[in-house]
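Summary of the model geometry
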Amino acid sequence: MEKTTPDYPRDPAKDTPHPPENGAISPPAPWFASDAGEARAVMPLAGSEAAGDETQDRNEDDPFGPQAQPYGAEAEAEGSPDAQQDAGPAKSNSLALREIAEIVLIVLLVFLAVRSAIQNFRVEGDSMLPTLQQEQYLLVNRALYARYDANFLGRLFDPNAQSDMRYLFQRPQRGDIVVFASPSEPKDFIKRVVAVEGETVEVRPAYDPVGRLGTPCGGCGVYVNGVLLDEPYVRQTPDYQVPPTLVPPGHVFVLGDNRRNSADSHVFGPLPVERIVGAAFMSYLPAESFGFLPHPTYAEIDATP
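Presented here is a report on the structure given in the accompanying data block. These figures come from a predicted structure and were not determined experimentally. (Residues numbered from 1 in each chain as written. Predicted model: local features only at pLDDT ≥ 70, side-chain atom pairs only at ≥ 80, totals over all residues. Heavy atoms only, no water.)

So, the sheet that holds strand S9 (residues 227–228)
So the rule is basically this: Pairing between strands is defined by DSSP: at least two bridges between the two strands are required. Numbering of helices and strands runs from the N terminus; a helix is a DSSP stretch of H or I covering at least four residues, while a strand is a stretch of E covering at least two.
The sheet built from 4 strands is open, its strands ordered S9-S8-S7-S10 with antiparallel pairing. The open sheet is flanked by S9 and strand S10 (242–246), the only strands paired with a single partner. When strand S8 (residues 221–224) meets S9, the two strands line up antiparallel, connected through 2 bridges. Residue pairing in the sheet places Tyr223 in a bridge with Leu228 of S9.

Focus on the pairing of strand S6 (residues 188–196)
Convention followed: Remark: exposure states derive from per-residue accessible area (1.4 Å probe, protein chains only) relative to the maximum for the residue type, with buried under 20%, exposed over 50%, and partly exposed in between.
Extensive coverage of S6 is indicated by the burial of 8 of its 9 residues. Here 5 bridges tie strand S5 (residues 177–181) to S6, and the two strands are oriented antiparallel to one another. Note that in S6 the partner of Val179 across the bridge is Ile190. In sequence, S5 turns back onto S6 through a hairpin of 6 residues.

Topic: the state of the cysteines
The criterion, for reference: Two cysteine sulfurs form what is called a disulfide whenever their separation falls within 2.5 Å.
Throughout the structure, instances matching the rule amount to 1 disulfide. There is a disulfide in this structure between Cys217 and Cys220, and the S-S distance comes to 1.9 Å. Note on the Cys217 and Cys220 pair: the S-S dihedral is about -90 degrees, so by sign convention the disulfide is left-handed. Look at Cys220 and you get buried, because its relative accessible area is 8%.

Re unusual backbone geometry
That bond from Leu129 to Pro130 is cis: its omega, 5 degrees, falls within 30 degrees of zero. Tracing the chain through its elements places Pro130 in the loop between strand S1 (118–122) and strand S2 (137–141). Pro286 follows Leu285 through a cis peptide bond whose omega is -5 degrees. Take Pro286: it is sitting in the loop between strand S13 (276–285) and strand S14 (291–292). One non-glycine residue with positive phi stands out, namely Glu135, at about 65 degrees. Following the sequence through the fold, Glu135 ends up in the loop between S1 and S2. One non-glycine residue, Asn225, adopts positive backbone phi at about 55 degrees.

Regarding the packing of aromatic side chains
Selection criterion: Planes of paired rings set the category: under 30 degrees apart is stacked, over 60 is edge-to-face and the rest tilted, where pairs are Phe, Tyr or Trp rings (Trp by its six-membered ring) whose centres lie within 6.5 Å. In our convention, an over-ring charge means Lys NZ or Arg CZ found within 6 Å of a ring centre and within 35 degrees of that ring's normal.
In this structure the tally under the stated criterion is 4 aromatic pairs. Between the aromatic rings of Phe180 and Phe189, the centroid separation amounts to 6.1 Å while the plane-to-plane angle is 80 degrees, which identifies the pairing as edge-to-face. Exposure remark for Phe189: the relative accessible area of 11% places this residue in the buried category. Geometry around Tyr298 places Arg174 over its ring, the cationic atom sitting 5.9 Å from the centre.

In structure tokens form, the structure reads like this:
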């Protein structure tokens, strides 16, 4: 290899070889030694054509040359800041779309659940005056009277076993306003429960042709277990008679608040609970009627042992 003489001045004394004391000849200093200290391997500049050729030759022979990429270098390049910046917007868009899809799915499930439990109902007719008006819109709770068979497993093994129907939440109560499938017409009716299963109900008529409330009527009204109900929500006193009737299990006795203009249990008898759609609990139209429907109390019958 050709050597070049450095341009800086040199000391002739240092260049003259001196034999060591033991007579051995010291080898000359290597060509890459310098006064500045240890030798350094310098990476050739990328712009140098000669350096590029030399590097290419070295890469062909040496897989670990400067341009050789070790295993995993490509993965590191993908995780570089520039690659992360490029993938950032796409990842954000993917997460945003996923969140939107989850929100839509949750809203849809909630809507279906509410829709299956709550139904709107429009009042037609005046059988529930003065409590409910014509064209009044109500919300009806369809899940309130849900029932299940507690002897379901027993009936699977014994078809002759009796069913044991129980209420999941609560049974119909006196004073509830219920929507039900009419047993006499192909439509839904809305009435008030006045007696429940196991109770004896009786209706005594008033002979007043007008049916004014608060006037003596000879003990007219609705009796449950022999006790006269206090019903301030009715429009008129009844002009019909229902003899003492025991409400059978799984049935209720319903009457319209407009007693003289209502097709109810005084016409078709006790109503099976299977026909009940649900309990009306709220009015939302017209605006002046917005709110929860009041539920009456019956201290006179509830206080009876």
